[in-house]
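Structural characterization, general
Letter by letter, the chains look like this.
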Amino acid sequence: MSYQTITLYSDANFFSPYVMSAFVSLTEKALPFSLAPIDLSAGENLQAAYGLLSVTRRVPTLVIDDFQLSESSAISEYLEERFSSPEYARIYPQDKQERAKAREVQAWLRSDFMPIRAERPTEVVFAGLRLPPLSDSAQQSANKLISGLERLLSDGRKNLFSEWCIADTDLALMLNRLALSGDALPESLRKYASYQWQRPSVQQWRALSQH
């Protein structure tokens, strides 16, 4: 399917984990796109013009020609389906069960762990913010995350599945909220997050957030 232009609407600071996920998906697919920063602190996303692009009035929003789509996991899944021919890299596992598990991980990360997100915002990851030790509720949330990952990553593997997928980037970001704050993490998870953080597409996003 041909297209003319792709635009990804982002937060102006490039701190959003969800924009990062969509950015990495586009970059891994090697799709040329432009970034359009939105000033969330000024409420630019709540203005009428942005409402015409995004039903949710959130970032990221993907615009391909006259098609608009918000929500990062929906964007990644759409990109995988629309740009599925062999010249485009895969961002989800080819195996159906592994693909389902990748989506499970993504949904889990987006719907849970609010105490971690509140006490370890992405400013910790992208701006070096230092914060006090985790509260009891946030530590319980971290323990739940660690326990859930024991079966997936305790063997020291570098990716969740046989090859990298977008769920690896999403998971590494959640783990780095803890790792980069000096919070306790099993060494296998710390190494996994560090390895994923070196991926070129992730490095490109990090370069944006550091300007």
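For the structure, see preceding data.
Below is a short write-up of the structure. Quick caveat: nothing in here was measured; it's all calculated off a predicted structure. Think of each chain on its own: its residues are numbered from 1, step by step along the sequence as written. Selection of residues for local features in this predicted model requires a pLDDT of at least 70, selection of side-chain atom pairs for listing and counting requires 80 or more, and totals for whole chains, interfaces and linings are taken over all residues. Excluded from the side-chain calculation are hydrogens and water; included are all heavy atoms of the structure.

Some thoughts on empty space enclosed by the protein
This is how the line gets drawn: Lining residues are those with an atom within 4 Å of a point, where the points come from a 1 Å grid over the protein atoms alone and group into cavities, where a 1.4 Å probe fits but cannot get out, or pockets, open sets with protein on both sides within 12 Å along at least five of seven lines. Grid points are joined across faces, edges and corners, and a volume is the space filled by probe spheres set on the points. To qualify as a helix, a DSSP run of H or I must reach at least 4 residues; to qualify as a strand, a run of E must reach at least 2; elements of each kind are numbered from the N terminus. Polar here means any residue other than Ala, Val, Leu, Ile, Met, Phe, Trp, Tyr, Cys and Pro, which are nonpolar, and Asp, Glu, Lys and Arg, which are charged; Gly is therefore polar.
Tallying each qualifying case throughout the model produces one cavity of 30 Å³ or more. Taken as a whole, the largest cavity spans an internal volume of roughly 130 Å³. Surrounding the largest cavity, Pro17, Tyr18, Met20, Ser21, Leu109, Arg110, Arg117, Thr169, Asp170, Leu173, Met174 and Arg177 form its lining. Among the elements of the structure, α1 (17-28), α4 (96-111) and α8 (166-179) are those that each provide at least two residues to the lining of the largest cavity. Sorting elements by how many residues they give to the lining of the largest cavity places α8 first, with five residues. Taken together, the residues of the lining of the largest cavity sort by class into six nonpolar, two polar and four charged.

Overview of the sheet that holds strand β2 (residues 34-38)
Here is the rule: When DSSP finds two or more bridges between a pair of strands, those strands are recorded as paired. Here the axes come from fitting lines to C-alpha atoms, over the contacting stretch only for helices, and the angles between their N-to-C directions go from 0 to 180 degrees.
Across the sheet, four strands lie side by side as β2-β1-β3-β4; this open sheet has mixed pairing. Of all strands in the sheet, those bounded by a partner on one side alone are β2 and β4 (67-70). Averaged over all neighbouring strand pairs, the angle between strand axes comes to 20°, with direction disregarded. Strand direction decides the pairing type here: strand β3 (residues 61-64) and β4, joined by four bridges, are antiparallel. Bridge assignment links Thr61 to a residue of β4, and that residue is Ser70.

A word on helix α3 (residues 72-82)
Since the α-helix packs 3.6 residues into each turn, any two residues three or four apart lie on the same face. What counts here: Type-normalised accessible area, obtained with a 1.4 Å probe on protein chains alone, sets the label of each residue: buried when under 20%, exposed when over 50%, and partly exposed for intermediate values. The contact definition used throughout considers only heavy atoms, calling two residues in contact when any of these lie within 4.5 Å.
Within the sequence span of α3, burial applies to Ser72, Ile75, Ser76, Tyr78, Leu79, Glu80 and Arg82. The inward-facing, buried residues of α3 contact α1, β3, β4, α4 and α8.

With respect to the pairing of β3
Residues Thr61 and Val63 point to one face of β3 and Leu62 and Ile64 to the other, with burial holding for every one of them. Relative to β3, strand β1 (residues 6-11) runs antiparallel, the two being bridged by four bridges. Following the sheet pairing, Ile6 is matched in β3 by Ile64. From the end of β3 to the start of β4, which pair antiparallel, there are two residues, and Asp65 there has a positive phi angle of about 55°.

A closer look at the side chain of Ser72
Quick note on the threshold: Polar contacts, as used here, are pairs of N or O atoms within 3.5 Å; protein pairs need one atom able to donate a hydrogen and one able to accept it. Residues neighboring in sequence count only if both atoms are side-chain atoms.
Among the secondary structure elements, Ser72 is positioned in helix α3. Only 2.8 Å separates the side chain of Ser72 from the side chain of Arg110, close enough to count as a polar contact. Excluding residues within four positions of it along the chain, Ser72 makes contact with Tyr18, Ser21, Pro60 and Arg110.

Structural notes on the layout of surface pockets
Taken as a whole, the largest pocket holds about 480 Å³ of empty space. Lining the largest pocket are 23 residues, with Ser16, Pro17, Tyr18, Leu40 and Val59 positioned closest to its centre. Put simply, the parts of the chain that give the lining of the largest pocket at least two residues each are α1, α3 and α6 (122-126). In this structure, the second largest pocket occupies an estimated 170 Å³ of space.

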